[in-house]
Every structure is written in structure tokens, then in C-alpha cells.
Amino acid sequence: MQIILTDRLALRLFNIDDEKFVFELLNDPSWIKNIGDRSITTLDKARAWITDGPLACQATYGFSFYVVTLRECGTAIGCCGLIKRDVLDFADIGYAFLPTYWGQGYALESALATVKYAREELGLRKLLAITSPDNQSSNKLIQKMGFVLEDTILLNLSGKEKLTNKYGYAFPATCNDADSTLVRQGVTTQRGQP
């Protein structure tokens, strides 16, 4: 089911058939370095990650990470969405893309659309974003979206503590303020249909 549509992308719910894509994405060296090793060594483990991660989050909170696909052909190129972690007070936005699709603006496009979705459809009042301090491209993208560095903290997200930048984004008081910010940054979205 499609959740968010942009000019070039469609963000949809994960399903068990995404096992090969998940296996590839979560074993990419950039995922392991910047997000963490999830030990996805088999397709069975990829299916379990889908069930226990994105699908469980969607069922519990009404939002999740979504598969980012090229709208024109449906090819899965990455993931983007929201997650609620016990160690953080608010939901945080995250994204990851296969290296073939880096440098084409897909991360920014999908992340801005996710922020808009969080405000308009989910009614969230604040979002967080966490990044590794040495992940320069991710830190730049988060700042470009209007997130502000709140703190650098130690977080244990994948079995070991690591230093993490914590960014915050509070939605403007009026929708018009938020809409003008998103429009200035080139985001137009429309809600997807099942």
C-alpha cells in the first residue's frame, strides 16, 4: 500500500516479498557503518526484520519505515520513514538508500515528504533525527531540512553504545509556515491510495 507520493517517488509499506531488497540494503557497508549491523545473514532473517521492525512499528504507532520506490517503475531504491524508539521522547526520521541511487536527491525528496506526512496525516508536533557525527552527508541533509542539533549523546541502538548527534524539528505554529518551507525546498506530495 502506497503511503506517500512525490514527483519521482512512491513510499509504501514493507511486505514479506521485500526480503531480497532488505537483505541487500541492510548488508550494504554504508548501512552497517552508519546504522549498525543487524546480522541479516539469510532471507529468513530479512523477513523477520520486516515483520519485527517496520510492520510491528506500523501496527503499534501507525507509522514506520517505508520502502522508497521509483514512481515510474516501482524499483525499490531505499527506505525512509519514522520510528519510535524507547530511548527517545519523540519519533525520529530515518533513511537509507542503495549506493546506486545516491547523489540524485532521493533522500531529501523522500525525507521532506515524510516530514510533511508526519505533520499533515499523523499530527505529530515534533520529530527527531539521529546521525553518526562522522556521517557528513546525513548531517548536512538533516540540517538542510531545518532540523537543529540539540545534543550529542551516547545511544545503544544496535548492541553497543556509540556517540550520536540528536537533531530536533518542531513544526511551525501554522500550517502555512510549514508549507512555505517545504515548497521552498521543492516538496509537493500527495497522499497515496491503496
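Residues numbered from 1 in each chain as written. Predicted model: local features only at pLDDT ≥ 70, side-chain atom pairs only at ≥ 80, totals over all residues. Heavy atoms only, no water.

Quick notes on the packing of aromatic side chains
Okay, step 1: Here the structure, examined in full by the defined rule, presents 7 aromatic pairs.
Okay, step 2: Taking the centre distance of 6.5 Å and the plane angle of 90° together, the rings of Y66 and Y117 count as edge-to-face. Pair noted here: Y66 is in strand β3 (residues 65-70) and Y117 is in helix α4 (residues 106-120), with a separation of 51 residues, a long-range link.
Okay, step 3: By relative accessible area, which is 1% here, Y66 ends up buried.
Okay, step 4: What makes Y117 buried here is its relative accessible area of 8%. (Phe/Tyr/Trp six-rings, centres within 6.5 Å; stacked < 30°, edge-to-face > 60°. Helix = DSSP H or I, 4+ residues; strand = E, 2+ residues; numbered from the N terminus. Buried < 20%, exposed > 50% of the residue type's maximum accessible area, 1.4 Å probe, protein only.)

A look at unusual backbone geometry
Okay, step 1: A positive phi angle, near 55°, is found at S39, a position not held by glycine.
Okay, step 2: Along the chain, S39 falls in the loop between α2 (29-34) and α3 (43-61).
Okay, step 3: Judged by relative accessible area, which is 41%, S39 ranks as partly exposed.

Side note on the pairing of strand β4 (residues 76-83)
Okay, step 1: Counting buried residues in β4 gives 7 out of 8 residues, a clear majority hidden from the surface.
Okay, step 2: Pairing geometry for β3 and β4, over 5 bridges, is antiparallel. Bridge pairing links F65 to G81 in β4.
Okay, step 3: Here β3 folds back onto β4 in antiparallel fashion, the turn holding 5 residues, of which G74 has a positive phi close to 85°.
Okay, step 4: Relative to strand β5 (residues 92-97), β4 runs antiparallel, the two sharing 6 bridges. If you follow G78 over to β5, its bridge partner there is F97. (Pairing = 2+ DSSP bridges.)

Describing the nonpolar core
Inside soluble globular proteins, nonpolar side chains tend to come together where they are buried.
Okay, step 1: Of all hydrophobic cores here, the largest spans 35 residues; its most connected members are I93, Y95, V115, L127, M145 and F147.
Okay, step 2: Broken down by element, this core gets its largest block of residues, 9 residues, from α4.
Okay, step 3: Among all residues touching I93, those that are not within four sequence positions of it are G81, L82, A111, T114, V115, L128, A129, I142, M145 and F147.
Okay, step 4: With 16 residues, the next largest nonpolar core counts V22, I50, V67 and L98 among its residues. (Core = buried A, V, L, I, M, F, W, Y, C linked by side-chain atoms within 4.5 Å. Contact = heavy atoms within 4.5 Å.)

Concerning the side chain of E19
Okay, step 1: Its location among the elements puts E19 in helix α1 (residues 19-26).
Okay, step 2: Among the residues examined, E19 registers a relative accessible area of 16% and is labelled buried.
Okay, step 3: Excluding its chain neighbours within four sequence positions, the residues that come into contact with E19 are L43, A46, R47 and I50.

Quick word on the pairing of strand β1 (residues 2-5)
Okay, step 1: By the bridge criterion, 3 bridges tie β1 to strand β2 (residues 9-12) in an arrangement that is antiparallel. Its bridge partner being in β2, L5 is matched across the sheet by A10.
Okay, step 2: In this antiparallel pair of consecutive strands, β1 and β2, the connection spans 3 residues.

A word on the pattern of salt bridges
Okay, step 1: Following the criterion strictly, the structure yields 8 salt bridges and no others.
Okay, step 2: Between K126 and E150 there is a salt bridge, with its nearest N and O atoms 2.8 Å apart. In this pair, K126 is assigned in strand β6 (residues 126-131) and E150 in strand β7 (residues 148-156), connecting sequence segments 24 residues apart.
Okay, step 3: Salt bridges sharing partners connect three or more residues here, namely E19, D44 and R47. (Salt bridge = Lys/Arg side-chain N within 4 Å of Asp/Glu carboxyl O.)

What to know about the packing of α1 against α3
Any two packed helices are characterised by the angle at which their axes cross and by the distance between the axes.
Okay, step 1: For the pair α1 and α3, the least separation of the axes is 8 Å and the interaxial angle reads 95°. Accordingly, the angle class assigned to the pair α1 and α3 is roughly perpendicular. Facing α1, whose interface residues are E19, K20, V22, F23 and L26, α3 presents L43, A46, R47, W49 and I50.
Okay, step 2: Residues belonging to the contact of α1 with α3 are distributed by class as follows: 7 nonpolar, no polar and 3 charged. (Axes fitted to C-alpha atoms, helices over the stretch in contact; angles between N-to-C directions. Parallel < 35°, antiparallel > 145°, perpendicular 65-115°, else oblique. Nonpolar A, V, L, I, M, F, W, Y, C, P; charged D, E, K, R; others polar.)

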